[in-house]
Amino acid sequence: MDEQSLIATEHARRAAMVRGDAGALGAMICDRFHYAHINGQIDDRDTYLARIASGNLLCPHTSTRDLKPLVRPGYALLTGVSTIGYRWIDGGPEGEVTTLFTAVWEWHGDRWRLAAYASTPMP
């Protein structure tokens, strides 16, 4: 339960997003999960995993920088800058967005699990 394992888990989560691996993501997020997208849309665990599993939105690449972990007993906050590429399968827009993000991670026995994630466009 340290900063390095938290950052490694964040990178593993992003790799699963690029693969579109809803199963791997499901193992990394809490049962009570809150994801606030930059467009104001909110997902819980079920809607988030269904969105990934549908394959309608691809994430061909993602990266982070300026990561700042704050680890406390049982939970951690991770903030930073995220760049995510996106492509809609139905012919919608394709592009890339860079955001500021805050992630709340909980320690579950032997691993980190994501409890909440929110991002906002870079100013």
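Now for a description of the structure that goes with this document. Model, not experiment: these values are computed from the prediction.

**Section: the nonpolar core**
Link 1 in the chain: Formed by 23 residues in total, the largest nonpolar core has its most connected members in Leu25, Tyr48, Ala103, Trp105 and Leu114.
Link 2 in the chain: Contributions of two or more residues to this core are made by helix H1 (3-19), helix H2 (22-28), strand S1 (29-36), helix H3 (45-54), strand S5 (75-88), strand S6 (94-108) and strand S7 (111-121).
Link 3 in the chain: In terms of residue count, H2 provides more of this core than any other element does, four residues in total.

**As for the environment of His108**
Link 1 in the chain: Tracing the backbone through its elements, the reader meets His108 in strand S6.
Link 2 in the chain: Note: C-alpha distance between His108 and Cys30 (78 residues apart in sequence) is 9.1 Å.
Link 3 in the chain: In this structure, His108 is in contact with Cys30 and Arg113, ignoring residues within four places of it in sequence.

**Description of the packing of aromatic side chains**
Aromatic ring pairs are described here by two measures, namely the spacing of the ring centres and the angle between the planes.
Link 1 in the chain: A full pass over the atoms with the stated rule returns six aromatic pairs.
Link 2 in the chain: Seen in terms of ring centroids, Phe33 and Tyr35 are 6.1 Å apart; in terms of plane orientation they differ by 55°. Their pairing is tilted.
Link 3 in the chain: Overall, the relative accessible area of 6% leaves Phe33 in the buried class.
Link 4 in the chain: Note on Phe101 and Tyr117: the rings are 5.4 Å apart at their centroids and 15° apart in plane angle, and the pair reads as stacked. One end of the pair, Phe101, is in strand S6; the other, Tyr117, is in strand S7, with 16 residues separating them in the sequence. With respect to burial, Phe101 and Tyr117 carry one shared label: buried.
Link 5 in the chain: In textbook terms, an aromatic cluster arises when at least three aromatic residues are bridged by ring pairs, as seen for Phe33, Tyr35, Tyr48, Phe101 and Tyr117.
Link 6 in the chain: Sitting over the ring of Phe101, Arg14 keeps its end group 5.3 Å from the ring centre.

**Details of the pairing of strand S4 (residues 62-72)**
Link 1 in the chain: In terms of strand pairing, S4 meets S5 through nine bridges, oriented antiparallel. Note that in S5 the partner of Leu70 across the bridge is Leu77.
Link 2 in the chain: Between S4 and S5, which pair antiparallel one after the other, the connecting turn spans two residues, and Gly74 there sits at a positive phi close to 90°.

**Re the pattern of salt bridges**
A side chain of one charge can pair with a side chain of the opposite charge if their charged atoms are brought near each other.
Link 1 in the chain: Using the criterion set out here, one finds six salt bridges in the structure.
Link 2 in the chain: Across the pair Arg19 and Asp21 runs a salt bridge whose closest N-O atoms are separated by 3.4 Å.
Link 3 in the chain: For Arg19, a relative accessible area of 53% corresponds to the exposed category.
Link 4 in the chain: In this structure, the salt-bridge partner of Arg113 is Asp31, at a minimum N-O distance of 3.9 Å. Of the two residues, Arg113 is situated in strand S7 and Asp31 in strand S1; the sequence distance between them amounts to 82 residues.
Link 5 in the chain: Residue classification places Arg113 among the buried positions, given a relative accessible area of 13%.
Link 6 in the chain: Judged by its relative accessible area of 60%, Asp31 falls in the exposed class.
Link 7 in the chain: Each of Glu10, Arg13 and Arg14 takes part in one network of salt bridges that share partners.

How each quantity is defined
- Residues numbered from 1 in each chain as written.
- Predicted model: local features only at pLDDT ≥ 70, side-chain atom pairs only at ≥ 80, totals over all residues.
- Heavy atoms only, no water.
- Core = buried A, V, L, I, M, F, W, Y, C linked by side-chain atoms within 4.5 Å.
- Buried < 20%, exposed > 50% of the residue type's maximum accessible area, 1.4 Å probe, protein only.
- Helix = DSSP H or I, 4+ residues; strand = E, 2+ residues; numbered from the N terminus.
- Contact = heavy atoms within 4.5 Å.
- Phe/Tyr/Trp six-rings, centres within 6.5 Å; stacked < 30°, edge-to-face > 60°.
- Lys NZ or Arg CZ within 6 Å of the ring centre and 35° of its normal.
- Pairing = 2+ DSSP bridges.
- Salt bridge = Lys/Arg side-chain N within 4 Å of Asp/Glu carboxyl O.

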